[in-house]
Amino acid sequence: MQPDPTTRFLEALRESLQEQTLVKITLGAPCGPDPTLRKVRGRPVQLRAGPRLQLVWRHEARDLTHNHPHEEGVAQVAELLGTAFGSGHLFTLAHTLQLQRRGERWRLRTGPPQHDTAPDRAHDRDKERPVALDPAWMRGLGVLDRRGRPKRGMESKRRQILRFVEILDHMLRGVEPTERGLSLVDMGCGRGSLTFAAYQLLIARAGPRSRVLGVERRPELVQRAAELARRVGYDGLSFAAGHIDSVSLDGVDGVVALHACDTATDDALARGIEAGARWLVVAPCCHQQVRPQLTGPELLQPVLRHGILRTRQAEIATDALRAALLEAVGYRARVLEFIGAEHTDKNLLIIAARRADAQPGDLVGAAVRRVQQLARAHGIVEQRLAEHLGVSLEA
Ligand SMILES: C[S@@+](CC[C@H](N)C(=O)[O-])C[C@H]1O[C@@H](n2cnc3c(N)ncnc32)[C@H](O)[C@@H]1O
């Protein structure tokens, strides 16, 4: 059965972005709740961060420009069709598509191309390594609906997935495909949405024999994710039911733990460090271990007496300790925003890359002293990662 007209239109947009044949796209016949929004125009652009679909929202009195990674741009167009606009025109080097709504139905007309020159693109195409996330698994996990639009309540998840891919892609800069590929383990993978995304990226960046293993203590989630991986034909993606400490990390290149609860983040980091992983990526979740310990000096009392500020301070202190501990054992660590705070307040990522000269068992004295100072200033005497690494928090 042929897909419906909107899906075909979106597929054509996605394809034209992948094949670099998109000239422009326009959305018209406004029908949404914002009476000032007249039109949206899109074109492909090449930014330093990579290829993007630029969408310009033309309002009555101003234009707003957003640059989207391709898949996000397609999803944005999908969202706008029907909710804000009743027509779309897609101009590519292969054809011209006209999508129009008539009452409840959509009609799609295909015509010959009206342009014969590829749009001007920036010169550094080496950087262009788009990963068009496979709608099959995104639908299977309930992130997208049948038409490729984010399901109700899944917009934040979709953004998180896209951002995660962007960050991993940046982290893997300089990696070339090899016969073996790379191996990554995702600890506390839950339903697996970020695990599937990581797999697609690794395949694209490091070679088709790359492997990703999702570890999750809830067997029912593991079973579902494994079935979906089989269904979409991802041979190198597997899932194991068990705890973070139950799987072998032999030969692993990267360890990821996203929103693994409380000290599970520390357990995952410790396992990655022990295995000599080149990359560690964690999105800390709740910070329960440190919060009750915070006493802090007189200076911090105005902060600690308010519950919400105490919680935030516990998060800041814990994640700063983690980053400093990673530095102490030979990693270069960075803390950055995962996705905007409007989507979740669990929005930090710690990314660490092992220094080329790091040796197993190394402890950098200066970094350890910084860890101890930070812990002392907050009255922290126990922190799980420090325990794992045998770092005493008392100087
Ligand atoms: C909040 S979910 C996050 C899921 C996924 N990583 C994401 O970001 O979408 C945390 C998951 O970690 C799992 N988890 C927590 N501690 C774990 C442990 N020690 N071993 C294995 N799984 C764990 C939980 O069962 C839960 O599914």
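Cut-offs used in this document
Residues numbered from 1 in each chain as written. Predicted model: local features only at pLDDT ≥ 70, side-chain atom pairs only at ≥ 80, totals over all residues. Pairing = 2+ DSSP bridges. Helix = DSSP H or I, 4+ residues; strand = E, 2+ residues; numbered from the N terminus. Axes fitted to C-alpha atoms, helices over the stretch in contact; angles between N-to-C directions. Contact = placed C-beta atoms within 7 Å. Near = placed C-beta within 6 Å. Nonpolar A, V, L, I, M, F, W, Y, C, P; charged D, E, K, R; others polar. Expected span 1.5 Å × (residues − 1). Buried ≥ 20, exposed ≤ 12 C-beta atoms within 10 Å, placed from the backbone. Arc of directions from axis to C-beta. Right-handed = clockwise from strand over helix to strand, strands pointing away. Domains from an automatic or database assignment.

Enquirer: Explain the sheet that holds strand β13 (residues 331-337) to me, and be specific about the residues and the numbers.
Expert: The sheet built from seven strands is open, its strands ordered β10-β9-β8-β11-β12-β14-β13 with mixed pairing. At either margin of the open sheet sits one strand with a lone partner, and together these are β10 (237-241) and β13. Strand-to-strand, the axes of this sheet are offset by a mean angle of 15°, without reference to chain direction. Bridge count for strand β9 (residues 211-216) against β10 is five bridges, and the pairing is parallel. In the sheet register, L213 faces β10, and the bridge partner there is S238. Across the sheet, helix α6 (residues 219-231) is in contact with β9 and β10; its angle to β10 comes to roughly 165°.

Enquirer: Before we move on, could you go through the sheet that holds strand β4 (residues 63-68) and cite the residues and values that matter?
Expert: Ordered in space as β4-β3-β2-β1-β5-β6-β7, the seven strands form an open sheet in which the pairing is antiparallel. At either margin of the open sheet sits one strand with a lone partner, and together these are β4 and β7 (105-111). Neighbouring strand axes in the sheet, compared pairwise and without regard to direction, differ in orientation by 15° on average. Lying on the sheet, helix α1 (residues 5-18) is in contact with β1 (22-30), β2 (37-47), β3 (50-59), β5 (85-92), β6 (96-102) and β7; it crosses β7 at an angle near 40°.

Enquirer: Tell me about the site of the ligand, and please be specific about residues and values.
Expert: Neighbouring the ligand are 17 residues; G188, G190, R217, L258 and A264 lie closest to it. If you list the elements that add at least two residues to the shell around the ligand, you get α5 (193-206) and β9. Its residues assigned to classes, the shell around the ligand shows nine nonpolar, five polar and three charged.

Enquirer: Got a sec to walk through α6? Specific residues and values, please.
Expert: Two residues of an α-helix separated by three or four positions point the same way, owing to the 3.6 residues in each turn. Here α6 contains 13 residues, and its C-alpha end-to-end distance of 18 Å stays within 8% of the 18 Å for a straight helix at 1.5 Å per residue. Among the residues of α6, those classed as buried are V222, A225, L228 and A229. Seen from one end, α6 has its buried residues packed into an arc of 135°, which puts them on one side. Seen from the open side of α6, the exposed residues pointing more than 90 degrees away from its buried face are P219, E220, E227, R230 and R231. On its buried face, α6 sits against α3 (135-140), β9 and β10.

Enquirer: Can you break down the pairing of strand β8 (residues 183-187) residue by residue, with the values?
Expert: Burial analysis of β8 places five of its five residues in the buried class, which makes it a mostly covered element. Judged by which residues are buried, β8 turns out to be covered on both faces: S183, V185 and M187 on one side and L184 and D186 on the other are all buried. Note that β8 and β9 share five bridges and pair parallel. Bridge pairing in β9 links S183 to R211. Once you follow β8 into α5 and on to β9, the crossover reads as right-handed. Taken together, the four bridges between β8 and strand β11 (residues 254-258) define a ladder with parallel strand orientation. Residue pairing across strands places L184 opposite G254, the latter belonging to β11.

Enquirer: Mind laying out unusual backbone geometry, listing which residues take part and the relevant values?
Expert: Even without glycine at this site, Q20 takes up a positive phi of about 55°. Summarising the element assignment, Q20 is placed in the loop between α1 and β1.

Enquirer: Kindly report on the domain arrangement of the chain, identifying the contributing residues and their values.
Expert: Each assigned domain of the chain is listed here: domain 1 (5-122) and domain 2 (135-389). Domain 1 and domain 2 are separated by 35 Å when their C-alpha centres are compared. Between domain 1 and domain 2, the contact holds nine residues from the first and seven residues from the second. Listed by contribution, the elements that provide at least two residues to the side of domain 1 that touches domain 2 are α1 and α2 (70-83). Top element by residues in the side of domain 1 that touches domain 2 is α2. It accounts for five residues. Considering only residue class, the side of domain 1 that touches domain 2 consists of four nonpolar, two polar and three charged.

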